[in-house]
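A closer look at the structure
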Amino acid sequence: MSKVILILLLFFTLEACQMQSSDKHSEPNYYYNLEKELNHIVERTLQRNIKLTKITLAEGRTQKRKLSNINLKKELDFFFQANINKSSLQGRYEELLTRTQDTLFKSFIAKDKNLKVDTLTLCFKPSGKELIGIRASMFTENYLYTSHKKITLYCSSYGLKRYSIQGEQKMLLAPKENFVIEGYVED
C-alpha cells in the first residue's frame, strides 16, 4: 500500500514539474512583445548580406562609418530597452489605436511620468499584422544623470531599413550634450 502511495506521489510531483516548465515557455503579452519582434528583425536582417552605414553626431563632431561585421542586437539596444511587455508594467500604460489610410498606429502612453518609456508607438501596415516602424520616447533621471531619447526604427519583411536615436544627456557637473545616431542598411 505504501508503495502505491509513493508511486502516486512521485507521479503527481513529476506532472506538476512538467506543467511548471511548460508555463515558462509561454510568455504573456501585457502590451506587445517588442523584444520578440526585434529579435525577428535582427534575424531577418542578418540573413541578408548587408552593410550598415552609421552616422554619429556628438560633441560637435560627425563620424560616418560603414560596418559589415555588425552586432545588430547591440546596435539596437535602445530599442530593446523600450520593451514594455513586462509584468511589472502591467496596467501602467494607456493603449491608443489610430489609423490612416496606409498605416495603423498602436501607441502606449505612460500613465506615470516616472516610467523609463514615456511613449511607445508601433506602426503597422493597414492589416495590423506587419510591423513597419517603432517610435519611442525614453527618459531617465537620477542624482548623477539625466537622459532623454527619441528613437525611431523603420523595417520591412526583409528586416531593418534604418534607425535614428536623438537625445540629450546631462551629467552632474558637466554641460548638457546632444547626440544623434543614425544607421541605414545597404544591401
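Shown above is the structure to which this text applies.
What counts, and at which threshold
- Note on numbering: residues in each chain are counted from 1, in written sequence order.
- Residue-level local features of this predicted model are given only where pLDDT is at least 70; pairs of side-chain atoms are given and counted only at 80 or more, and the full residue set underlies all totals for whole chains, interfaces and linings.
- Hydrogens are left out, water is left out, and the side-chain values use all remaining heavy atoms of the structure.
- Every helix listed is a DSSP run of H or I at least four residues long, and every strand listed is a run of E at least two residues long, numbered separately from the N terminus.
- Exposure above 30% relative accessible area and the absence of a salt bridge qualify a residue for a patch, where like charges join within 9 Å and nonpolar side chains (Val, Leu, Ile, Met, Phe, Trp, Tyr) within 5 Å.
- Residue burial considers only the protein chains on display, and all accessible areas are found by Shrake-Rupley using a 1.4 Å probe.
- A pair is scored as a salt bridge if a Lys or Arg side-chain nitrogen falls within 4 Å of a carboxyl oxygen belonging to Asp or Glu.
- One requirement defines pairing of two strands: DSSP has to find at least two bridges between them.
- The aromatic pairing rule takes the rings of Phe, Tyr and Trp, using the six-membered ring of Trp, and pairs them if the centres are within 6.5 Å, calling planes under 30 degrees apart stacked, those over 60 edge-to-face and the rest tilted.
- Relative accessibility under 20% of the residue-type maximum defines a buried residue, over 50% an exposed one, and the middle range a partly exposed one, all with a 1.4 Å probe and only protein chains included.

A few words on unusual backbone geometry. One non-glycine residue, E59, adopts positive backbone phi at about 55°. For E59, the location among the structural elements is in the loop between β1 (51–58) and β2 (61–67). For L173, which is not a glycine, the phi torsion comes out positive at approximately 65°.

A few words on a nonpolar patch on the surface. The grouping of Y143, L144, L172 and L173 at the surface amounts to a nonpolar patch, some 540 Å² of accessible area in total. Mapped onto the elements of the fold, Y143 is located in the loop between β6 (131–141) and β7 (145–156).

With that settled, the discussion passes to the pairing of β1. In this structure, β1 lies alongside strand β9 (residues 177–186), joined through 8 bridges in antiparallel fashion. Looking at β9, one finds that A58 is bridged to F179. Inspection of the sheet shows β1 paired to β2 by 7 bridges, in the antiparallel sense. Along β2, the bridge assignment pairs L52 with L67. Between β1 and β2, which pair antiparallel one after the other, the connecting turn spans 2 residues, and E59 there sits at a positive phi close to 55°.

Time to look at the packing of aromatic side chains. Overall, the coordinates contain 4 aromatic pairs when judged by the stated rule. Taking 5.5 Å as the distance between ring centres and 70° as the angle between the ring planes, the aromatic pair formed by Y31 and F108 counts as edge-to-face. Taken together, the residues Y31 in the loop between α1 (2–25) and α2 (34–46) and F108 in strand β4 (residues 104–110) connect sequence positions 77 residues apart. In this structure, Y31 and F108 share a single accessibility class: buried. With 5.7 Å between their ring centres and 75° between their planes, Y32 and F124 make a pair best called edge-to-face. Pair noted here: Y32 is in the loop between α1 and α2 and F124 is in strand β5 (residues 117–124), with a separation of 92 residues, a long-range link. The structure contains a cluster of three or more aromatic residues connected by ring pairs, namely Y31, Y93 and F108.

A full pass over the atoms with the stated rule returns 7 salt bridges. Across the pair E59 and R61 runs a salt bridge whose closest N-O atoms are separated by 2.9 Å. The pair formed by E59 and R61 is uniform in burial state, with each residue classed as exposed. Across the pair R92 and D112 runs a salt bridge, and its minimum N-O distance is 2.9 Å. Taken together, the residues R92 in the loop between α4 (77–81) and β3 (93–99) and D112 in the loop between β4 and β5 connect sequence positions 20 residues apart. By relative accessible area, R92 is classed as partly exposed at 31%. D112 sits in the partly exposed class, given a relative accessible area of 27%.

Coordinates in, geometry out; function isn't part of it.
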